[in-house]
Amino acid sequence: MLTGGGDCPGLNAVIRAIVRKALTYGWECVGIENGWKGLVDIYTRPLDINSVSGILQKGGTILGTSRTNPYKIDGGEQKVIENAKKIGLDALIAIGGEDTLGVANKLAKTGFKVVGVPKTIDNDLNGTDYTFGFDTAVNIAMDAIDRIHTTAESHHRAMIIEVMGRHAGWIAMHAGIAGGADLILIPEKEIKLDEIIKVMNDRDKRGRTFSIIVVAEGARISESDQKEGEMILQDQKLDAFGHVRLGGIANVLAEIIEKKTGVETRATILGHIQRGGSPTAYDRVLGSRFGVYAVEMVKAGKFGRMAALQGTEIVDIPIEEAVSSLKLVEDKFYDMARTFFR
Ligand code: F6P
């Protein structure tokens, strides 16, 4: 098994579950270290029952992770296939998000025996109602919003809280609703600056002298009807999957809002705090269910497929379906949340 992409609370629950379930079939487990990098260069470690003991409650991944994309390395695909043979892998369980599973999908098309487990705090993988790690991230963000609420109220300030979410605003929506945000800004719904100012002014008229705005890092805000909003980038560097580094929209927005309204405004960027630390009970259970199911998939020869949560059941779907497009916040859910934007 390997874990790739950004780390995520619950990864160790999946690893532990895979090893425990595989042992019931008498199979031997190998951990590939640092995502696809460990198969391009061969970094492995044996995983037995003792090596996965005491890891359930730990954040991160005991196997390490990376954003290595074998398809961006000369002869990368071949190296992965040959190295898997050298190690003696009968099957691989790839635990990751759209990038890691995108690689798994391409490999599966060559006949490589791989099954996928959906991981991302962003919850933006198609075909699964939830990915593990999302619930933990939402709870961390909600706790932060609760704390920021009391200081915002005391100081009569506007507070902008930036959460993760490049293309999808799931964390912002869930944490924002749960934390009682007065406005939630997400990548799926570009918003005009005037609309933000209006919510703040309306609150002021009602005697609410503070505002809580939750913004996803990939949200876009347009200053006028004519101009399209732009993403705020930390720098121009791209990773191996072509992603830019986002972050900083809260700072930009805070400055503009303060200038336009005269209300003292502060920004908090939660960043990697959302990804670190212990998983919630929900993520531990979901990760454990995915891990056990992934082993069943290997046993049944369901390669090129990914474990997914649909309703209350764990099922399997083609990896292709999960990675071909992103699961975005639907209009219906956003419109419901608008009830609270005031
Ligand atoms: O893919 C998950 C994610 O949390 C995104 O929301 C975020 O943009 C990205 O990872 C940042 O990760 P890193 O700083 O590790 O590149």
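All values derive from a computational prediction rather than experimental measurement.

Reading guide: rules and limits
Residues numbered from 1 in each chain as written. Predicted model: local features only at pLDDT ≥ 70, side-chain atom pairs only at ≥ 80, totals over all residues. Heavy atoms only, no water. Helix = DSSP H or I, 4+ residues; strand = E, 2+ residues; numbered from the N terminus. Polar contact = N/O pair within 3.5 Å; in protein donor to acceptor, adjacent residues only side chain to side chain. Axes fitted to C-alpha atoms, helices over the stretch in contact; angles between N-to-C directions. Parallel < 35°, antiparallel > 145°, perpendicular 65-115°, else oblique. Left-handed = near helix turned anticlockwise from the far one by under 90°. Contact = heavy atoms within 4.5 Å. Nonpolar A, V, L, I, M, F, W, Y, C, P; charged D, E, K, R; others polar. Near = heavy atom within 4 Å. Areas by Shrake-Rupley, 256 points an atom, 1.4 Å probe, with all protein chains shown as cover. Domains from an automatic or database assignment. Buried area = accessible area lost by both parts, 1.4 Å probe. Salt bridge = Lys/Arg side-chain N within 4 Å of Asp/Glu carboxyl O.

*Asks:* Go over the environment of R220 with me, naming the residues and quoting the values.
*Replies:* Looking at the secondary structure, you find R220 in the loop between β9 (211-216) and β10 (221-222). C-alpha separation for the pair R220 and Y282, spaced 62 residues apart in sequence, amounts to 31 Å. A distance of 3.2 Å separates a polar side-chain atom of R220 from the backbone oxygen of P187.

*Asks:* I'd love a proper account of the packing of helix α5 (residues 134-155) against helix α6 (residues 170-178), names of residues and values included.
*Replies:* Orientation of α5 relative to α6, taken along the N-to-C sense of each, is 45 degrees, at an axis distance of 8 Å. Of the possible angle classes, the one that applies to α5 and α6 is oblique. By crossing handedness, the relation of α5 to α6 is classed as right-handed. Packed against α5, whose contacting residues are F134, A137, V138, A141, M142 and I145, the element α6 presents W170, I171, H174, A175, G176 and A178 at the interface. Partitioned by chemical class, the residues of the contact of α5 with α6 number ten nonpolar, two polar and no charged.

*Asks:* Just give me the short version of the site of the ligand, but keep the residues and values in it.
*Replies:* If you check the shell around the ligand, you find R67, I121, D122, M164, G165, R166, E217, H272 and R275 and nothing else. The side chain of R67 places a nitrogen or oxygen atom 2.9 Å from an oxygen atom of the ligand. Interatomic distance of 3.3 Å between a side-chain N/O atom of R166 and an oxygen atom of the ligand. Contact with the protein chains hides 78% of the accessible area of the ligand, taken as 400 Å² for the molecule alone. Broken down by class, the residue content of the shell around the ligand amounts to two nonpolar, two polar and five charged. Looking at which domains feed residues into the shell around the ligand, each of domain 1 (2-133 + 279-323) and domain 2 (135-275) supplies at least three.

*Asks:* Residues and numbers for the domain arrangement of the chain, please.
*Replies:* What the domain assignment lists for the chain is domain 1 (2-133 + 279-323) and domain 2 (135-275). Taken over C-alpha atoms, the centre of domain 1 sits 33 Å from the centre of domain 2. Opposite the 21 residues of domain 1 that make contact, domain 2 presents 17 residues. With both chains or domains summed, domain 1 and domain 2 bury close to 1600 Å², and 54% of this area falls on carbon and sulfur atoms. The interface formed by domain 1 and domain 2 holds one salt bridge in total. Its salt-bridge partner being R275, residue D7 comes within 2.9 Å of it at the nearest N-O pair. Counting every contact that joins domain 1 to domain 2 gives six residue pairs in polar contact (both at pLDDT 80 or more). Those elements that place two or more of their residues in the side of domain 1 that touches domain 2 are α4 (98-108) and α9 (281-300).

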